[in-house]
Amino acid sequence: MPDSPASAPASPAPASPAPAAGSSALGRLADLPVLLVAVVWGSSYLAAKGVTTADTVPAVLVLRFAVVLPVLVVVGWRRLRALSGPQWRGAGVLGLILAGIFLLETYGVVHTSATNAGLIISLTMVFTPLAESRVRGVRLPGAFMAAAGLSVLGVALLTQGAGFTAPSGGDLLMLGAAVARTVHVLAMARMDSVRGADALSLTTVQLGSAVAVFAVLVALPGAGASPWAAAADFDGGDWLGLVYLSVFCTLFAFFVQMWAVRRTSPSRVSLLLGTEPVWAAAVGIALAGDRPGWLGFAGAVLVLLGTAWGRTVADRDKGPGSAQTTRTPRRHTPETSGTPGR
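Residues numbered from 1 in each chain as written. Predicted model: local features only at pLDDT ≥ 70, side-chain atom pairs only at ≥ 80, totals over all residues. Heavy atoms only, no water.

Draft legend 1. Layout of the overall build of the protein chain. Along the backbone of the protein chain there are 14 helices and zero strands. The order of helices and strands in the protein chain, counted from the N terminus, is α-α-α-α-α-α-α-α-α-α-α-α-α-α. Taking all 342 residues of the protein chain together, 51% fall into the buried category. Carbon and sulfur atoms form 69% of the exposed surface of the protein chain, whose accessible area is close to 15,000 Å². (Helix = DSSP H or I, 4+ residues; strand = E, 2+ residues; numbered from the N terminus. Buried < 20%, exposed > 50% of the residue type's maximum accessible area, 1.4 Å probe, protein only. Areas by Shrake-Rupley, 256 points an atom, 1.4 Å probe, with all protein chains shown as cover.)

Draft legend 2. Quick peek at the environment of Pro33. Inspection of the secondary structure puts Pro33 in helix α1 (residues 21-51). Along the sequence, Pro33 and Ala260 sit 227 residues apart, while their C-alpha atoms lie 8.1 Å from each other. Here Pro33 is in contact with Phe252, Val256 and Trp259, once residues within four sequence places are set aside. (Contact = heavy atoms within 4.5 Å.)

Draft legend 3. Looking closely at the packing of helix α2 (residues 57-75) against helix α4 (residues 85-110). In contact at an axis separation of 10 Å, α2 and α4 are set at 120° when each is read in the N-to-C sense. In terms of orientation, α2 lies oblique with respect to α4. Considering only the axes of α2 and α4, their crossing is right-handed. In contact with Val57, Pro58, Leu61, Arg64 and Phe65 of α2, α4 contributes Phe102, Leu103, Thr106, Tyr107 and Val110. Its residues placed into classes, the contact of α2 with α4 shows eight nonpolar, one polar and one charged. (Axes fitted to C-alpha atoms, helices over the stretch in contact; angles between N-to-C directions. Parallel < 35°, antiparallel > 145°, perpendicular 65-115°, else oblique. Left-handed = near helix turned anticlockwise from the far one by under 90°. Nonpolar A, V, L, I, M, F, W, Y, C, P; charged D, E, K, R; others polar.)

Draft legend 4. Local environment of the packing of aromatic side chains. Per the stated rule, a full pass over the model turns up seven aromatic pairs. A centroid spacing of 6.5 Å and a plane angle of 25° characterise the contact between Phe65 and Phe214, whose relative ring orientation is stacked. With Phe65 in helix α2 and Phe214 in helix α9 (residues 199-219), this pair connects stretches of sequence that are 149 residues apart. The same class applies to Phe65 and to Phe214, which are both buried. Cluster of aromatic residues (ring-pair linked, three or more members): Phe65, Phe102 and Phe214. (Phe/Tyr/Trp six-rings, centres within 6.5 Å; stacked < 30°, edge-to-face > 60°.)

Draft legend 5. Region of the structure containing the nonpolar core. With 41 residues, the main nonpolar core has Val34 and Tyr45 as its most contacted residues. Counting 22 residues, the second-largest nonpolar core is a separate cluster that includes Val57, Phe65, Ala210 and Met258. (Core = buried A, V, L, I, M, F, W, Y, C linked by side-chain atoms within 4.5 Å.)

Draft legend 6. Just the side chain of Asp171, in detail. Checked against the element boundaries, Asp171 lands in helix α8 (residues 169-190). Of note is the side chain of Asp171, whose polar atom sits 2.6 Å from the side chain of Thr112. Not counting chain neighbours up to four residues away, the residues in contact with Asp171 comprise Thr112, Asn116, Ile120 and Thr159. (Polar contact = N/O pair within 3.5 Å; in protein donor to acceptor, adjacent residues only side chain to side chain.)

Draft legend 7. Summary view of the pattern of salt bridges. One pass over the full model with this rule turns up three salt bridges. Taking the shortest distance from any N to any O, the salt bridge between Arg79 and Asp198 comes out at 3.6 Å. Here the residue Arg79 occupies a position in helix α3 (residues 77-82), and Asp198 occupies one in the loop between α8 and α9, the gap between them amounting to 119 residues. For Arg79, a relative accessible area of 36% puts it in the partly exposed group. Here Asp198 falls in the partly exposed class, since its relative accessible area comes to 24%. The partner of Glu105 in a salt bridge is Arg181, and the shortest N-O contact between them spans 2.7 Å. Pair noted here: Glu105 is in helix α4 and Arg181 is in helix α8, with a separation of 76 residues, a long-range link. Here Glu105 and Arg181 have matching classes, each one buried. (Salt bridge = Lys/Arg side-chain N within 4 Å of Asp/Glu carboxyl O.)

Draft legend 8. Structural detail: the environment of Val152. Considering the arrangement of structural elements, one finds Val152 in helix α7 (residues 142-158). Note on Val152: relative accessible area 47%, which makes it partly exposed. The spacing of Val152 and Gly299 is 147 residues in sequence and 9.0 Å in space, taken between C-alpha atoms.

See the structure below:
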């Protein structure tokens, strides 16, 4: 899913007519399901927290993606068969990184609040341009560095709750997940083997590789409950939460983005998906009863302002030939085509 046309006209094109009212209405119509994906992703932290315990993390991940994988394989079978050997291997490596991301995120959300989880992981939007600038030897503008500093300060305040204490283990795991997501985005952008690979096929192979890791983990002695034992302990609410994570946070999100990016601009889709931390905080406070205290509320505001500001600066200064580095996800945006959703 390219972010822009493959080539520009060789000579100046005639002025385009003003967009038709129907075209504008179609764009707004396409915005609604994309915004719903952001809401769904924001609520995914609370959903994962509700169905997972420290003893069932790998088991729940196996169950969650066992629902998703068969659908992706059936829908994209022809394109899967068309992948080359290097593309399979490259996607498999990305899947190993993805497995680490899901493990860090899921263990993290078990040990922290849904609000903290959603806001801390949003630091990926700041970490990725920072990491890319170091890799490419490009200096970021001062405005971006100020935005990054604002975000980091916000996380420091957010994790203190009502007073200054050491961040919880869950907060640190979510911070590690944000770093791992940055590695995943940069690896996908720099691996020649996966460039040009079909997004659906790339997603399917990555998830298959990740599920293989989860299956190995649950088979190890002392690794916690098996998928069967975890499923046996589920009540109706747990099953609803698991289906929600599988169907809405992964399948629905993936296919909505594939649909929307063909009907509107990738930048517009990315901007709407960037509202996810807002929804994560709203869901955590309204439904989970999270009470971050005044310091926490101030930190949440700073995180949202800093990541939004940093994203704007990074997008504005992104050259036409630079790698796409904004946003990841427990997320699958046009900039990270082939990255599974939450």
